[in-house]
Amino acid sequence: MFSTTLWHLNDALELSNLSQDMLAIDREAPSAWMVAGNCFSLQGAHDEAMRCLRRAAQLDPGCAYAWTLCGHEATAMEEFDRAIAFFRTAIRSDARHFNAWYGMGVAYMKMGKNRHAEHHYRRAAEINPSNPALLCCIGTVMEKMNNYPGALAVYEQACQSDDKESAMARFNRTRVLVALGRIPVSPKGANSG
């Protein structure tokens, strides 16, 4: 998890150090290979990242997170059918691994299969209902299918969160309101500028 955080923070140096340290400690630990995979992924070395992540999955075939990372890497390589196969393996290992459901949604959306994407995003949100980013994914795919009222309802739900992600939900909600011709009115007494 820490290496994924470093990946999201784009901290290549710290991720590289962590990878080297973990592999030096135990080359048979799946987590060490997942860290190495994240390190190569951040550098854009997708083939090498995939080799490391596959090694992690080989060491622990029941590790849903290793399979999920393989799926995300395959998605980055635009190998969507392969990504879906990895995500399915992750879900077979742990049906409540919401990140795999989310990953399948991403892959299907990139393939233009919006109904499949919505289904998988919704499954992820059932597992992690307080995640406004997942709700925004559902809203985005609903917008792609021109279901603006449905998207608006999902964005409204996402806006109930106190999380920083709710800023994106508020932006998306406003965009849908404009598309529906229901431009938000400023609160009474607000400076109309």
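Residues numbered from 1 in each chain as written. Predicted model: local features only at pLDDT ≥ 70, side-chain atom pairs only at ≥ 80, totals over all residues. Heavy atoms only, no water.

Q: I'd like a rundown of the overall build of the protein, residues and numbers included.
A: For the protein, the count of helices and strands is 11 helices and 0 strands. In terms of its C-alpha atoms, the protein occupies a principal-axis envelope of roughly 65 × 35 × 25 Å. For the protein, restricting intrachain contacts to residue pairs at least 6 apart in sequence, the fraction spanning at least 24 positions comes to 44%. With an accessible surface of roughly 10,600 Å², the protein has 52% of that area assigned to carbon and sulfur atoms. Side-chain charges of the protein comprise 20 positive and 20 negative groups, with the mean position of each set lying 9 Å from the other. (Helix = DSSP H or I, 4+ residues; strand = E, 2+ residues; numbered from the N terminus. Contact = heavy atoms within 4.5 Å. Areas by Shrake-Rupley, 256 points an atom, 1.4 Å probe, with all protein chains shown as cover. Lys, Arg positive; Asp, Glu negative; His and termini not counted. Charge placed at Lys NZ, Arg CZ, Asp CG, Glu CD.)

Q: Outline the packing of helix 8 (residues 114-127) against helix 9 (residues 132-144), supporting the account with residue identities and numerical values.
A: Two elements in contact, helix 8 and helix 9, have axes separated by 9 Å at closest approach and are oriented at 160°. One finds that helix 8 runs roughly antiparallel with respect to helix 9. Read as a crossing pair, helix 8 and helix 9 show a hand that is left-handed. Residues Asn114, Ala117, Glu118, Tyr121, Arg122, Ala124 and Ala125 of helix 8 touch helix 9, and the partners they reach there are Leu134, Leu135, Cys137, Ile138, Val141, Met142 and Lys144. Residues of the contact of helix 8 with helix 9, tallied by class, amount to 10 nonpolar, 1 polar and 3 charged. (Axes fitted to C-alpha atoms, helices over the stretch in contact; angles between N-to-C directions. Parallel < 35°, antiparallel > 145°, perpendicular 65-115°, else oblique. Left-handed = near helix turned anticlockwise from the far one by under 90°. Nonpolar A, V, L, I, M, F, W, Y, C, P; charged D, E, K, R; others polar.)

Q: Go over the packing of helix 5 (residues 64-76) against helix 7 (residues 98-110) with me, naming the residues and quoting the values.
A: For any two helices packed against each other, the geometry comes down to the angle between their axes and how far apart the axes lie. Put simply, helix 5 and helix 7 touch, their axes get as near as 10 Å, and they point 15° apart. It follows from the interaxial angle that helix 5 and helix 7 lie roughly parallel. Between helix 5 and helix 7 lies a crossing of left-handed hand. Contacts between helix 5 and helix 7 involve Thr68, His72 and Thr75 from the former and Asn99, Ala100, Tyr102, Gly103, Val106, Ala107 and Lys110 from the latter. Classifying every residue of the contact of helix 5 with helix 7 by side-chain character gives 4 nonpolar, 5 polar and 1 charged.

Q: Report on the environment of lysine 113, specifying residues and quantitative values.
A: Take lysine 113: it is sitting in the loop between helix 7 and helix 8. Separated by 30 residues in sequence, lysine 113 and alanine 83 place their C-alpha atoms 14 Å apart.

Q: Please set out the environment of leucine 42 residue by residue, giving values where relevant.
A: Its location among the elements puts leucine 42 in helix 3 (residues 30-42). Between the C-alpha atom of leucine 42 and that of leucine 15, which follows or precedes it by 27 residues, the distance is 8.8 Å. With residues up to four places along the chain from it excluded, the contact list for leucine 42 reads Leu6, Trp7, Asn10, Asp11, Ala12 and Leu15.

Q: Could you give an account of the pattern of salt bridges, with specific residues and numbers?
A: Going through the model one piece at a time under the given rule, you end up with 7 salt bridges. Here arginine 51 and glutamate 48 are joined by a salt bridge, their closest N and O atoms 3.0 Å apart. One end of the pair is arginine 51 and the other is glutamate 48, both in helix 4 (residues 46-59) and 3 residues apart, which spans about a single turn. On the accessibility criterion, glutamate 48 (29% relative accessible area) is partly exposed. Residue glutamate 143 pairs with arginine 175 through a salt bridge whose shortest N-O separation is 2.6 Å. With a gap of 32 residues between them, glutamate 143 in helix 9 and arginine 175 in helix 11 (residues 166-179) connect regions that are remote in the sequence. (Salt bridge = Lys/Arg side-chain N within 4 Å of Asp/Glu carboxyl O. Buried < 20%, exposed > 50% of the residue type's maximum accessible area, 1.4 Å probe, protein only.)

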